[in-house]
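Observations on chain architecture
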Amino acid sequence: MAKIPEDVIETVRTATNIADVVGQYVQLKKSGKNLFGLCPFHEERTPSFSVSEDKQIFHCFSCGRGGNVFKFLMELEHVTFPEAVIKVADYSHVDLASEYRQDAAGPKMDSKTSQLIDLQEQAAKLYHHVLVNTEVGQPALDYLHNRGLTDDTIETYQLGFAPGQRLLKPFFEERQSDYQLLRQSGLFIENAEGELRDRFTERVMFPLRNASGHVAAFSGRLMKKADDQPKYLNSPETPLFNKSRLLFNFDLARTAIREAGEVTLFEGYMDVISATQAGVHNGIASMGTSLTTEQIYAIERTTDKLNVCYDGDEPGQRAISRALTLLGQHSHLNLSVIQLPEGQDPDEYRRAHGDEAFRQMLVSAKEPPLQFNLRFMRRNKSLDTDSEQLDYVNQIMPLLAQVQEPVELDMYLNQIANEFHIDKAALQAQLKQTQRSTAAQQERERPRQQTQQQAPPEPPVTVHQQQRPLTRLERAERGLLIRLLHDRNVWAKVSNLDGFSFVHDDYQVIYTLAQGYFQTHQTYRTAQFTDFLKEDRLQQIVIDLETATYAAVTPREIDDYLAIIMDEAPVEEQLRQKKNQLAEASRLGDAEQQRQLVIEIVQLEQQRQANKQL
């Protein structure tokens, strides 16, 4: 792939607003001058991830990651710099010459992760080819067509078929793929002798893509029920695939979720695919297991509104109840339940009633979680006797006690009073008693919670953030460096000083590179300069400086910085050397040398104090 020239990179950068690209992955909200959201690089509950549209950079105040729009994609999607430029160019509709795109579409073979991804994507292509182009795949293709899927939908999701004849192993052997990588791919089962055989046979194959759109694993569905085999068989956990983290269709649905302002959580892959074909593009599904906190966090980063649309049968209703409980405990999402009629699943409903009716149902069948819970708790109850009715009312009182809106609460109390012919005043009295009991219970638990909170937390995992305290010298160096970059008057003053240099190597390197930058650039742009630096460590220093708060520059401030760097720093270094020499003289018992060094140290200390008073 030809090297992308700097002027082309700058064209892509200036055509792009970093907030638009980051906003595809993180739900951003305005706060002051910047935008904030939950960091996509580590799990957090309080937004500390910041995007500056003025400077076109991002920075997480918790984990410390930062950079420009290209760096964001490189870190999040694990792509190279040229690949990130191409992705941003495509997003911003900037035409790039073909030589810059050559070989950029596929994963690079320079890491274990990319090689494993390549194996998965080759397998997906093979399974898809078998489905749509071979006689052995025709029954599976007919099955999907009978399920109402079009060829375009099959192509979009790259659905495939794994036949009874095991094709995958000879396919990779012909390409001389690495045996150890094949073992770790999850595509094969290994026997005691170390021999590999295809994991998936006689199954319709659903590629499972990660948030970046790369195939990470598969789920295979039997076309005919078999007592000795599960209907769905997922890939095992691998370096690429963690079923508790991955959400089916999240990569394709992300843009639609942003546009709709909400996401719909379905129970199965076919429900999501069927909904997409009906024109509902903001659907996702978990990996055939209960919803996890990791998946909830991924959703929260993208939107603040979630609709749960599981099957209408008894297992589906229990799954909704579990999901609502987990979501209530671990998220701040605005929740709704889409209640399917007649015990159908979403795919069955669409095929029975058509696309338009399906889309309307997703709106008209929406209800609050409390309404679902009130109905769910009365399932399998006849409620014909006074005791059954009383038991039901006692069960739902804790739920009603959580309702904050007076009008909503009054509506539910009226419904219950009318249905069971109970005096509303009596319900209100019991509700108050329940609220008092709940408050008392919370009060009793508070000391235990406080004790748990006071327990020493595990140290946070930091990626780039510099935790050590800064010395007075380094604070001066950082303050002067940011002023140099942004103020040409300060730059002119400092660059004309004979013998000036920063004490710490990193700041001096940035200053030296800035000299080269300003020879070809009239205006300083943070996002552009960070690419000019190349090294991650230096880029991070600049991002840290750019996200700090500074008052308006003054001549006295610059003079103070220079005095510390040029006058105090040499004295500090001499003091350090003299103290080391004194320690050595003491070890050797050289009294005369000790006496002379003490005099010199005192003089240097006096000089240091005088410098501080200037």
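These numbers were taken from a predicted model, which means no experiment stands behind them.

1. Let's talk about the sheet that holds strand 16 (residues 366–367)
Spatially, five strands are ordered 13-12-14-15-16 in an open sheet, and the strand pairing comes out mixed. One side of each edge strand has no neighbouring strand; the edge strands of this open sheet are strand 13 (283–285) and strand 16. Alignment of strand 15 (residues 334–338) against strand 16, held across two bridges, turns out to be antiparallel. Of the residues in strand 16, the one forming a bridge with Ile338 is Lys366.

2. Thoughts on the packing of helix 12 (residues 269–277) against helix 15 (residues 346–353)
Each packed pair of helices is defined by two parameters, the angle between the axes and the distance between the axes. Close contact between helix 12 and helix 15 brings their axes to 8 Å; oriented N to C, the two are set at 35°. Along its contact with helix 12, which presents Met270, Asp271, Ser274 and Gln277, the element helix 15 presents Pro346, Asp347 and Arg350. Partitioned by chemical class, the residues of the contact of helix 12 with helix 15 number two nonpolar, two polar and three charged.

3. Observations concerning the layout of surface pockets
One number sums up the size of the second largest pocket: a volume of about 750 Å³. Taken together, 33 residues make up the lining of the second largest pocket; nearest its centre are Lys231, Tyr232, Glu267, Gly268 and Asp311. Residue assignment for the lining of the second largest pocket shows that the elements contributing at least two residues are strand 10 (215–222), strand 11 (232–234), helix 12, helix 14 (314–330) and helix 15. Examining the composition of the lining of the second largest pocket, we find that six residues originate from one element, helix 14, more than from any other. Looking at the lining of the second largest pocket residue by residue, the classes come out as ten nonpolar, ten polar and 13 charged.

4. Focus on the sheet that holds strand 1 (residues 29–31)
What the five strands build is an open sheet, ordered 1-2-3-4-5; its pairing is antiparallel. Looking along the sheet, the strands with just one partner apiece sit at the ends: strand 1 and strand 5 (66–67).

5. Examining the confidence of the model for the chain
Per-residue pLDDT for the chain has a mean of 88; in total, 92% of the residues score no lower than 70. Mean pLDDT per element in the chain: helix 27 (residues 591–613) is the minimum at 74, and strand 6 (residues 160–162) is the maximum at 97.

6. Digging into the nonpolar core
Leu159, Leu168, Phe172, Phe218, Phe248 and Phe358 are the most contacted members of the largest nonpolar core, which has 58 residues in total. Residue contributions to this core peak at nine residues, all from helix 6 (residues 112–133). With residues near it in sequence (within four places) discarded, Leu159 still touches His128, Leu131, Leu144, Leu149, Ile154, Met205, Phe206, Pro207 and Ile273. Ranked by size, the runner-up nonpolar core spans 33 residues in total, among them Val8, Leu35, Cys60 and Val69.

7. A word on empty space enclosed by the protein
Think of a ball as big as a water molecule: rolled over the atoms, this probe shows where empty space is left. All told, the structure shown has one cavity of 30 Å³ or more when counted by the stated rule. Looking at the largest cavity, its volume works out to about 30 Å³. Around the largest cavity, the lining residues are Tyr127, Ala162, Pro163, Gln165, Arg166, Leu167, Leu168, Asp198, Phe200 and Thr201. Among the residues forming the lining of the largest cavity, the class breakdown is six nonpolar, two polar and two charged.

8. Some details on the packing of aromatic side chains
According to the stated counting rule, one finds 32 aromatic pairs in the structure shown. Aromatic side chains Tyr25 and Phe72 sit 5.7 Å apart centroid to centroid with 65° between the ring planes, which places their arrangement in the edge-to-face category. Of this pair, Tyr25 sits in the loop between helix 2 (18–22) and strand 1 while Phe72 sits in helix 3 (residues 69–77), placing them 47 residues apart in sequence. Accessibility classification places Tyr25 together with Phe72 in one group, the buried group. When the ring of Phe41 is compared with that of Phe49, the centres are 6.5 Å apart and the planes differ by 55°; the resulting orientation is tilted. Note on accessibility: Phe41 and Phe49 belong to one class, buried. Within the aromatic cluster, the residues linked to one another by ring pairs are Trp491, Phe500, Phe502, Tyr511, Tyr517, Phe518, Tyr524, Phe529 and Phe532. Between the NZ or CZ atom of Arg379 and the centre of the ring of Phe376, over which it lies, the distance is 3.8 Å.

9. Re the environment of Val132
Considering the arrangement of structural elements, one finds Val132 in helix 6. Counting along the chain gives 266 residues from Val132 to Pro398, while the straight-line C-alpha distance between them is 54 Å. Once residues lying within four places of it in the same chain are set aside, the contact partners of Val132 are Leu141 and Ile154.

10. Details of the pairing of strand 14 (residues 305–309)
Most of strand 14 is tucked away: four of the five residues are buried. Relative to strand 14, strand 12 (residues 263–266) runs parallel, the two being bridged by four bridges. In the sheet register, Phe266 faces strand 14, and the bridge partner there is Cys309. Bridge count for strand 14 against strand 15 is four bridges, and the pairing is parallel. Residue Asn307 lies in a different strand from strand 15, and its bridge partner there is Ser336.

What counts, and where the lines are drawn
- Residues numbered from 1 in each chain as written.
- Predicted model: local features only at pLDDT ≥ 70, side-chain atom pairs only at ≥ 80, totals over all residues.
- Heavy atoms only, no water.
- Pairing = 2+ DSSP bridges.
- Helix = DSSP H or I, 4+ residues; strand = E, 2+ residues; numbered from the N terminus.
- Axes fitted to C-alpha atoms, helices over the stretch in contact; angles between N-to-C directions.
- Contact = heavy atoms within 4.5 Å.
- Nonpolar A, V, L, I, M, F, W, Y, C, P; charged D, E, K, R; others polar.
- 1 Å grid on protein atoms, 1.4 Å probe; cavity = no way out; pocket = protein on both sides within 12 Å on 5 of 7 lines; lining within 4 Å.
- Points joined across faces, edges and corners; volume = space filled by probe spheres on them.
- pLDDT = per-residue confidence, 0-100.
- Core = buried A, V, L, I, M, F, W, Y, C linked by side-chain atoms within 4.5 Å.
- Buried < 20%, exposed > 50% of the residue type's maximum accessible area, 1.4 Å probe, protein only.
- Phe/Tyr/Trp six-rings, centres within 6.5 Å; stacked < 30°, edge-to-face > 60°.
- Lys NZ or Arg CZ within 6 Å of the ring centre and 35° of its normal.

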